[in-house]
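Residues per chain, in single letters:
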Amino acid sequence: SPRCPSPLRALPARQQPSSPPATHSHESAPACARAKRLRARETARARKLTAKGRHLAQGGSSALMCALRALVLRAAAVGAAATRTSTVAIKNERASDVYCHLPTTLLPPTIHVGEAIVVAGVEVPATIRCGEDEAVVDGGGYAVVTVADDALRVDDANAFQLELNRAAHVCEAADPEGASFGPTAFVDCVYGEAFGGGVRRDDAPNAWPDLWRDTDYWRLCEPSAPSPALRSFEAAAAPGVFVDVLRETPFVALARGFVSGDECDDVARTTPAVRNLARARVGGGAGSTSFSDARETLSTNLFVDWDDAERPLTLVAARTVELASELIGETIPYEAQEPVNFLHYRSGYEYKPHSDGGGRKVGARFATTLVYCDAADAGGATVFPVPPTLKFSPKRGDLLFFEYKNGRRGTTHAACPVTGGNKTTLTMWHRLGVTPEKPWDEYENWGKFAHPFLASRYRGPTHRERVLADRRRREL
């Protein structure tokens, strides 16, 4: 076969022979001799290149074979890059042993009652057959197949993550002080407990870091206690609501019972967009937003009509802006802000560590508020994982505030996986300097966004005025 250049790297460009250097009558004899030798070498090189070029130009079979070989190797490289694999756990919940088949994998003859096996490197999509039932495993990463009495149920990486969480709690309970387990031994224990001992660390070596980052992050999200308050005070913007300060710099605080369950229900009932949930996106610059594996939640934008001062969404948004203004010490404009982002976290959903912004540039995000309309039954804490760490375990109606006006340092936060129930939040990102003439999206490179109520203005009373007026009515 012909000797071909590698098709996976560019060939260096050949330089054409340069013009022979000019000689002058006053050059010395040695210089003339060197010039003659140089001209002779370059002339020989030019003839060699010309002969090689003539051979290739004649369409010789070796050139054609090289081109074909390059195409084949490139196609193979593209195919290899496109191959997706998954680590699949198969649990037998039937009352009898079962035999399962997965293409291109070697499974044991039977999976016994109540047992599980874990198979790595399964090319997906793949059809799994257990007895007379079959199902399709799709999506790279991790999956869990449950062999039930009447069908096969295929769950995604969330189910794998939740099983590792269950096993980790078993290991933590066995050694709550961490005296016996170092980081490596703890993870070995998790693998030994997960899926009834059916997973070997060699089968899924990256499952723990892929799904739980590391043991410290898991402990912060799961068994650790919420951070205590440094101090508390009654909010002037929301009389009767007490603010607990968790950190002074960068400032982090919470307000328990900031809204009632009925108020959250009214927002959902009177805002049709809540029913149009889709996978959340992240701002990525380059004039667009995109999906990210780091953010696993359902989301929709709720646009505030500031002209309708009595609408449930307007009431909650105005109250939130007023409290945020008090906590940050500056007046935040109601209008021209980003829409309220309604987030819904199902079991297993999370938002991995990230930051929302940083700095005091006009029009940039500088603070975030989260109003928790539903709190998870288990998991779902909001944490700040960079030491000194913080943890907030919300209850329904609570608000969390944090600012990053002086930069991102210390503001990295995460929504821990929901391990039971659901969680919903009304998220607002606050900006200074935005106006109806220059709204928030003109300060970002995410493209243009809808502003259905950009011309609306809030002319209603503040929440404080409403509360005090209601108190006076009650005293009469």
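Above this note sits the structure.
Cut-offs applied
Residues numbered from 1 in each chain as written. Predicted model: local features only at pLDDT ≥ 70, side-chain atom pairs only at ≥ 80, totals over all residues. Heavy atoms only, no water. Phe/Tyr/Trp six-rings, centres within 6.5 Å; stacked < 30°, edge-to-face > 60°. Helix = DSSP H or I, 4+ residues; strand = E, 2+ residues; numbered from the N terminus. Buried < 20%, exposed > 50% of the residue type's maximum accessible area, 1.4 Å probe, protein only. Lys NZ or Arg CZ within 6 Å of the ring centre and 35° of its normal. Core = buried A, V, L, I, M, F, W, Y, C linked by side-chain atoms within 4.5 Å. 1 Å grid on protein atoms, 1.4 Å probe; cavity = no way out; pocket = protein on both sides within 12 Å on 5 of 7 lines; lining within 4 Å. Points joined across faces, edges and corners; volume = space filled by probe spheres on them. Nonpolar A, V, L, I, M, F, W, Y, C, P; charged D, E, K, R; others polar. Polar contact = N/O pair within 3.5 Å; in protein donor to acceptor, adjacent residues only side chain to side chain. Contact = heavy atoms within 4.5 Å. Salt bridge = Lys/Arg side-chain N within 4 Å of Asp/Glu carboxyl O.

Colleague: Even after reading the chapter, I still don't get the packing of aromatic side chains, so can you show me in this structure?
Modeller: One pair of aromatic rings is described through two measures. These are the centre distance and the angle between the planes. Under the defined criterion, the tally for this structure stands at 14 aromatic pairs. On the basis of an interplanar angle of 50 degrees and a centroid distance of 4.7 Å, the ring pair of Y334 and Y458 is categorised as tilted. Of this pair, Y334 sits in the loop between α8 (312-328) and β16 (340-345) while Y458 is found in the loop between β25 (423-431) and α9 (463-475), placing the two residues 124 residues apart along the sequence. Neither Y334 nor Y458 differs from the other in exposure class; each is buried. Through successive ring pairs, a cluster of aromatic residues spans Y142, F160 and F195. Sitting over the face of the ring of Y345, K423 holds its NZ or CZ atom 4.4 Å from the ring centroid.

Colleague: Would you take a moment to explain the nonpolar core for this structure?
Modeller: Nonpolar side chains tend toward joint burial in soluble globular proteins. Counting 39 residues, the largest nonpolar core has F258, L302, L323, V340, F401 and L426 as the members making the most contacts within it. Of all elements in the fold, only β9 (242-247), β10 (252-255), α7 (261-270), α8, β16, β18 (365-374), β22 (399-403) and β25 reach the threshold of two or more residues within this core. A total of nine residues in this core trace back to one element, the largest contributor, which is α8. Ranked by size, the runner-up nonpolar core spans 31 residues in total, among them A89, A116, V190 and W208.

Colleague: What exactly am I supposed to notice about empty space enclosed by the protein here?
Modeller: It is the rolling of a water-molecule-sized probe over the atoms that shows where space remains empty. The final tally for this structure, using the stated rule, is two cavities of 30 Å³ or more. Its volume calculated, the largest cavity comes out at about 190 Å³. Forming the walls of the largest cavity are 18 residues, and the residues nearest its centre are V304, W306, A336, Q337 and E338. Residues belonging to the lining of the largest cavity are distributed by class as follows: 14 nonpolar, two polar and two charged. The calculated volume of the second largest cavity comes to roughly 40 Å³. For the second largest cavity, the full set of lining residues is L313, V316, A317, T320, V340, V371, L426 and M428. Among the secondary structure elements, those contributing two or more residues to the lining of the second largest cavity are α8 and β25. Considering each element in turn, the lining of the second largest cavity owes the most residues, four residues, to α8.

Colleague: Help me out: how do you make sense of the side chain of T382 in this one?
Modeller: Here T382 shows up in strand β20 (residues 382-384). Among the residues examined, T382 registers a relative accessible area of 3% and is labelled buried. At a separation of 2.8 Å, a polar atom in the side chain of T382 contacts the side chain of Y372. Beyond its immediate stretch of four places on either side in the chain, T382 contacts L370, Y372, L390, K391, F392, L400, A414 and K423.

Colleague: Explain the pattern of salt bridges here, please?
Modeller: Where side chains of opposite charge bring their charged atoms close, a pairing between them can arise. The tally for this structure, following the rule as stated, stands at 25 salt bridges. When the shortest N-O distance is used, the salt bridge between K91 and E93 registers 3.8 Å. Residue E93 is classed as partly exposed on the basis of its relative accessible area of 46%. Between E338 and R365 there is a salt bridge, with its nearest N and O atoms 2.7 Å apart. Residue E338 is found in the loop between α8 and β16, and its partner R365 is found in strand β18; the two are separated by 27 residues along the sequence. Beyond isolated ion pairs, a larger network of salt bridges with shared partners links E338, R365, R431 and E444.

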